[in-house]
Amino acid sequence: MRACDVVVVGQGVFGLAACAYLLERGVRVIALERATPAHDGGSSHGDSRVTRRFNFENPAYTPLFDRSIELWRELERAPGDIYLPTGVLECGPRDHALITSTLDAAAAAGIASNVLSPAEVAGRFPAIHLPDDWIGVLQNDGGVIRADKAIAAYLELIRGRGAEPELGRQVRAVEQVGDGVEAVTEGGETIRAGSAIIAAGPWTTDLVPEVAPHLTLTRQVVGWFRPDRPGLFEPARFPVFLFATSAGVIYGFPDFAGAGVKIASHEPGRAVGRADLATQDATSDDMAPVRAALGSMLPGLGRTAAALRTCLYANTPDLEFIVDRRPGRPNIVFASACSGHGFKFASAIGEILADLALGEAPRFDIGPFALSRFALA
């Protein structure tokens, strides 16, 4: 039986970040991953994620953003390698929840919002044409987290600290045994540790069954569209955007890598019974309603996606995170896949998971992310 201080199950971005910060403290870690880091069946793959300081979902995320950006900047080799501050422009009718909740989050932090009229938006970002009755809220320090670069940087950091994630190692159970834990792999190996971190993304329910009633997996589709005038959609002239359309919130990115403008719906997609059932099966029919909902707001963008991908959201009923200890098993800590908006905070969440696994108090109040909130609802 092998032994370590902390066994980490899952090597998506949360698991990788947790490993990196444990190793930084001299902790002995064994890291297990059922496939490969950021494989395309989970929630950590792809080239980009949105990051926003003020989040319409919850104002409590603001300090988490601040810490995550500190850690992303420490991780990147040069400015812009991982955190690319293009600005984030949130647009919609003045009374839409996307707008009002973002303004409330900024106000809660004592920050005045940068509110723009449609004409002001067009003046700064010529590719964007808003309806006359909409407004824009610009967050200058929002932007892009380059997801693939973050994954690669964490892997390099982990290997530089003398560890190597064990790939193709599916874990079938993690249980508390006495004052420690035991993780049992599909191959029958038992690994003994002082504590465990479960960062299994959409497979969390297999190892933390108490979460199952509160997580719904949904298939999400993203597409890349070629612009007619590429220069208008480069990061210097085009921000990350969130639009409150008739089809729900749609988000997109500048063409920072020459692959096109990535857009997708943030609304929960079609339910998937199990993570193992997810496939890369996106078609143009999936993206047609999303592109149609943008209407004439992005007139210089092609109508047909040049490339398509799928990913999974693991949604809670309130579309927030779960970061907690497993009930009755205090040496097992876990994070859910965070309802489709967790990657941008992954550096800070990895640090929190490391704190919890070592019995230390996190620097943030994680009470709002407790599993028990659903029992109280």
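Residues numbered from 1 in each chain as written. Predicted model: local features only at pLDDT ≥ 70, side-chain atom pairs only at ≥ 80, totals over all residues. Heavy atoms only, no water.

**Q** So what exactly am I meant to see when it comes to the nonpolar core here?
**A** Within soluble globular proteins, side chains that are nonpolar tend to cluster in buried spots. Residues F14, L64, W72, Y154, I197, F321 and L353 are the most contacted members of the largest nonpolar core, which totals 53 residues. Elements that contribute at least two residues to this core include exactly β1 (2-9), α1 (13-24), β2 (29-33), α2 (61-75), α5 (147-160), β20 (329-335) and α8 (346-357). Sort the elements by how many residues they give to this core and α1 lands first, with 10 residues. With near-sequence residues (within four places) excluded, L64 lies in contact with F321, F345, A348, I352, F364 and F369. Of all hydrophobic cores here, the second largest spans 29 residues; its members include A183, V208, A314 and I322. (Core = buried A, V, L, I, M, F, W, Y, C linked by side-chain atoms within 4.5 Å. Buried < 20%, exposed > 50% of the residue type's maximum accessible area, 1.4 Å probe, protein only. Helix = DSSP H or I, 4+ residues; strand = E, 2+ residues; numbered from the N terminus. Contact = heavy atoms within 4.5 Å.)

**Q** It is not clear to me how the side chain of E33 should be interpreted in this structure. Could you clarify?
**A** For E33, the position within the fold is in strand β2. Buried E33, no salt bridge; nearest opposite-charge side chain is R34, N-O distance 5.7 Å. Apart from the residues lying within four places of it in its own chain, the contact partners of E33 are G10, Q11, G12, H39, E166, L167, G168 and R169. (Lys, Arg positive; Asp, Glu negative; His and termini not counted. Salt bridge = Lys/Arg side-chain N within 4 Å of Asp/Glu carboxyl O.)

**Q** Help me understand the packing of aromatic side chains, please; the structure alone is not making it clear to me.
**A** Two aromatic rings, taken as a pair, are described by how far apart their centres are and by the angle between their planes. Enumeration according to the criterion identifies 13 aromatic pairs in this entry. Arranged with centres 6.2 Å apart and planes meeting at 75 degrees, the rings of W134 and F243 form a pair that is edge-to-face. Of this pair, W134 sits in strand β7 (residues 134-139) while F243 sits in strand β14 (residues 240-245), placing them 109 residues apart in sequence. Just as W134 is buried, F243 falls in that class too. Ring centres of F233 and F238 lie 4.8 Å apart, and the angle between their planes is 50 degrees; this geometry places the pair in the tilted category. Neither F233 nor F238 differs from the other in exposure class; each is buried. Pairwise contacts between aromatic rings join W134, F233, F238, F241 and F243 into one cluster. (Phe/Tyr/Trp six-rings, centres within 6.5 Å; stacked < 30°, edge-to-face > 60°.)

**Q** What exactly am I supposed to notice about the sheet that holds strand β3 (residues 49-51) here?
**A** Hydrogen bonding along the main chain pairs the strands of a sheet, whether they run parallel or antiparallel. Taking strand neighbours across the sheet as the criterion, the 3 strands line up as β3-β8-β4 in an open arrangement whose pairing is antiparallel. Each end of this open sheet is capped by a strand with a single partner; those strands are β3 and β4 (83-84). The pairing of β3 with strand β8 (residues 143-145) spans 3 bridges and is classified as antiparallel. Along β8, the bridge assignment pairs T51 with G143. (Pairing = 2+ DSSP bridges.)

**Q** Help me understand the pairing of strand β10 (residues 171-177) in this model?
**A** A regular strand places its side chains on the two faces of the sheet in alternate fashion. Here β10 runs beside strand β11 (residues 180-185); their pairing, made up of 6 bridges, is antiparallel. When the sheet's bridge partners are listed, V174 is paired in β11 with A183. Connecting β10 to the antiparallel partner β11 that follows it, the hairpin turn spans 2 residues, and G178 within it adopts a positive phi of roughly 65 degrees.

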